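Working through the structure, step by step
One letter stands for each residue in the lines below.
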Amino acid sequence: MKETPKPIKPTPPKEKDKEKEKPKKAEAPKATAPAETKANAAAEKVRADQLARLRAAAGAEGGSGGTSGSGVGAGGNAPPGWTDKVIKKVKPLIVFNPESVSGNPAAVVKVNLAPDGAILSTDLVTSSGNAGWDRAVLLALTRAESLPKDDNGKIPQREVKLTFKPKD
């Protein structure tokens, strides 16, 4: 009969071995050389210039635009001449008797535009409190089908908030 050898149990590590296993402390970061600092500054300047060019290009293409302010028409980043063109196009298409309303309530409409100025969608952001006026404004924008281009032949904003008041 053969005897099977007994498995040998590994001996636990001694205290000295445990000390060797501890990770070394991280060394303090070395000071960068002046030439390396100049190179980093130059690279950062190039990056900032590229970012500025990209932002300018996005703005020239119309971008996603900002929001527009109060008053009839658009505001914000939109040029004043373009605002006047928008008012002149949309206002005559509004079929509503302003005498039927007390005060001068404002309806704020968000308009999403295609690059050629075609109206993609309209959304009533703030109701004037008069359902008839709100409906008349939305219907006028639907009839307009597009908003005019700016003097440079482009649409200044892709998304614009327009505010319409019946007595303005």
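Report follows, based on the coordinates.

Calculation notes
Residues numbered from 1 in each chain as written. Predicted model: local features only at pLDDT ≥ 70, side-chain atom pairs only at ≥ 80, totals over all residues. Heavy atoms only, no water. Phe/Tyr/Trp six-rings, centres within 6.5 Å; stacked < 30°, edge-to-face > 60°. Helix = DSSP H or I, 4+ residues; strand = E, 2+ residues; numbered from the N terminus. Buried < 20%, exposed > 50% of the residue type's maximum accessible area, 1.4 Å probe, protein only. Core = buried A, V, L, I, M, F, W, Y, C linked by side-chain atoms within 4.5 Å. Contact = heavy atoms within 4.5 Å. Salt bridge = Lys/Arg side-chain N within 4 Å of Asp/Glu carboxyl O.

1. A word on the packing of aromatic side chains
Going through the model one piece at a time under the given rule, you end up with one aromatic pair. Between the aromatic rings of Phe96 and Trp133, the centroid separation amounts to 5.2 Å while the plane-to-plane angle is 65 degrees, which identifies the pairing as edge-to-face. Placement of the pair is Phe96 in the loop between helix H3 (80-90) and strand E1 (107-113) and Trp133 in helix H4 (residues 131-144), with a sequence separation of 37 residues. Taking the relative accessible area as the measure of exposure, Trp133 reaches 2% and is therefore buried.

2. Things to note about the nonpolar core
The biggest cluster of nonpolar side chains holds 20 residues, and the ones touching the most others in it are Val90, Val111, Leu113, Leu141, Leu147, Leu162 and Phe164. Ranked by residues supplied to this core, first place goes to H4 with six residues. Setting aside residues no more than four positions away along its own chain, Leu141 makes contact with Val90, Val109, Val111, Ile119, Thr122, Leu162 and Phe164.

3. Comments concerning the environment of Asp123
Inspection of the secondary structure puts Asp123 in strand E2 (residues 119-126). Residues Asp123 and Val111 lie twelve residues apart in sequence; the distance between their C-alpha atoms is 6.6 Å. Every residue in contact with Asp123, bar those within four places of it in the chain, is listed here: Val108, Val109 and Lys110.

4. Focus: the pattern of salt bridges
Summed over all chains, the structure comprises one salt bridge. A salt bridge links Asp151 to Lys85, with the shortest nitrogen-to-oxygen separation between them at 3.0 Å. Here Asp151 is found in the loop between H4 and strand E3 (159-164), whereas its partner Lys85 is found in helix H3, with 66 residues between them in sequence. With a relative accessible area of 30%, Lys85 lands in the partly exposed category.

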